[in-house]
Each structure stands twice: as structure tokens, then as C-alpha cells.
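A structural walkthrough
Single-letter residue listing:
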Amino acid sequence: MKVQLKYFASIREALGQGGETLEVAATTVGALRDELIARGGAYAQALARGRAVRVALNQAMVGDEAAPLSEGAEVAFFPPVTGG
């Protein structure tokens, strides 16, 4: 299925792009993250399981493991944000 990916802040900088549309085999957001990590290089570093990464599915925050994907879904990855 095709999904729309968006990358923000340090993840966008590491990947050198703000987003892309991909054909993926993943059926959950967690599986999508693993699929992206498997691409290696900057993806493996920016989205590594040991890193704190927030995920939004269709503009709603989700836990990345079980959130189901659907055709045309928008998935955004970004680091946690702190402010003061």
C-alpha cells in the first residue's frame, strides 16, 4: 500500500528530505518504522529503536507498535519536543 511519510526537525535534517510517498508492505506503524530502519544508512540512525521518536498517524499521536496503516495514510516522524 502507498503511504505518505513526513519527517520533522532533526529527522528531516538527517534524511535530507521533509517527506516522501512509499509503497510499503507494513500493516502497522511499528512495522513501517522497522521497514524504514531496514533501509539502512540515515534511516537506520534517525529512526533506530533506541532513539526517542514520536509518531503521528493521520495527524493524531499514536504509539508506534500497533497503530494500523491504511492506503493513503499520512505518517509523521519527529523527535520529542521540549520547551520552556
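Residues numbered from 1 in each chain as written. Predicted model: local features only at pLDDT ≥ 70, side-chain atom pairs only at ≥ 80, totals over all residues. Heavy atoms only, no water.

Under an unreviewed UniProt entry, the name given to the protein chain is Molybdopterin synthase sulfur carrier subunit, and the source organism is Hydrogenophaga defluvii. According to its UniProt record, the protein chain has this under Sequence similarities (unreviewed entry): "Belongs to the MoaD family." (UniProt positions renumbered as here; feature names shortened; annotations may be inferred.)

1. Examining unusual backbone geometry
Even without glycine at this site, Ala 9 takes up a positive phi of about 55°. Summarising the element assignment, Ala 9 is placed in helix 1 (residues 9-15). The phi dihedral of Gln 59 falls on the positive side, at around 70°, and the residue is not glycine. Along the chain, Gln 59 falls in the loop between strand 3 (54-57) and strand 4 (60-62). With a relative accessible area of 69%, Gln 59 lands in the exposed category. (Helix = DSSP H or I, 4+ residues; strand = E, 2+ residues; numbered from the N terminus. Buried < 20%, exposed > 50% of the residue type's maximum accessible area, 1.4 Å probe, protein only.)

2. Focus: the pattern of salt bridges
Taken as a whole, this structure holds three salt bridges when the rule is applied. The partner of Lys 6 in a salt bridge is Glu 74, with the nearest N and O atoms 3.3 Å apart. One end of the pair, Lys 6, is in strand 1 (residues 2-7); the other, Glu 74, is in strand 5 (residues 74-78), and 68 residues separate them in sequence. Linking Arg 49 and Asp 34 is a salt bridge whose minimum nitrogen-to-oxygen distance equals 3.0 Å. Taken together, the residues Arg 49 in the loop between helix 3 (41-46) and strand 3 and Asp 34 in helix 2 (residues 29-37) connect sequence positions 15 residues apart. Residue Asp 34 is classed as partly exposed on the basis of its relative accessible area, which comes to 39%. (Salt bridge = Lys/Arg side-chain N within 4 Å of Asp/Glu carboxyl O.)

3. Examining the nonpolar core
Counting residues in each nonpolar core, the largest one holds 22 residues, and the members touching the most others are Leu 5, Leu 32, Leu 36, Val 75 and Phe 77. Sorting the residues of this core by element identifies strand 1, helix 1, helix 2, helix 3, strand 3 and strand 5 as the ones contributing at least two each. (Core = buried A, V, L, I, M, F, W, Y, C linked by side-chain atoms within 4.5 Å.)

4. Some points on the environment of Ile 11
In this structure, Ile 11 sits in helix 1. Take Ile 11: its relative accessible area is 3%, and that puts it in the buried class. Considered as a pair, Ile 11 and Ala 48 are 37 residues apart in the sequence and their alpha carbons are 11 Å apart.

5. Some remarks on the packing of aromatic side chains
By the definition in use, this model includes three aromatic pairs. Seen in terms of ring centroids, Tyr 7 and Tyr 43 are 6.4 Å apart; in terms of plane orientation they differ by 75°. Their pairing is edge-to-face. Of this pair, Tyr 7 sits in strand 1 while Tyr 43 sits in helix 3, placing them 36 residues apart in sequence. The burial state of Tyr 7 is the same as that of Tyr 43; both residues are buried. Seen from their ring centres, Phe 8 and Phe 78 are 6.4 Å apart, and the 80° between their planes marks the pair as edge-to-face. Taken as a pair, Phe 8 in the loop between strand 1 and helix 1 and Phe 78 in strand 5 lie far apart in primary sequence, 70 residues in all. Judged by relative accessible area, Phe 8 falls into the partly exposed class, the value being 36%. Aromatic rings pair up to connect Tyr 7, Tyr 43 and Phe 77 into one cluster. Above the face of the Tyr 43 ring, Arg 39 is positioned so that its terminal group lies 4.4 Å from the ring centre. (Phe/Tyr/Trp six-rings, centres within 6.5 Å; stacked < 30°, edge-to-face > 60°. Lys NZ or Arg CZ within 6 Å of the ring centre and 35° of its normal.)

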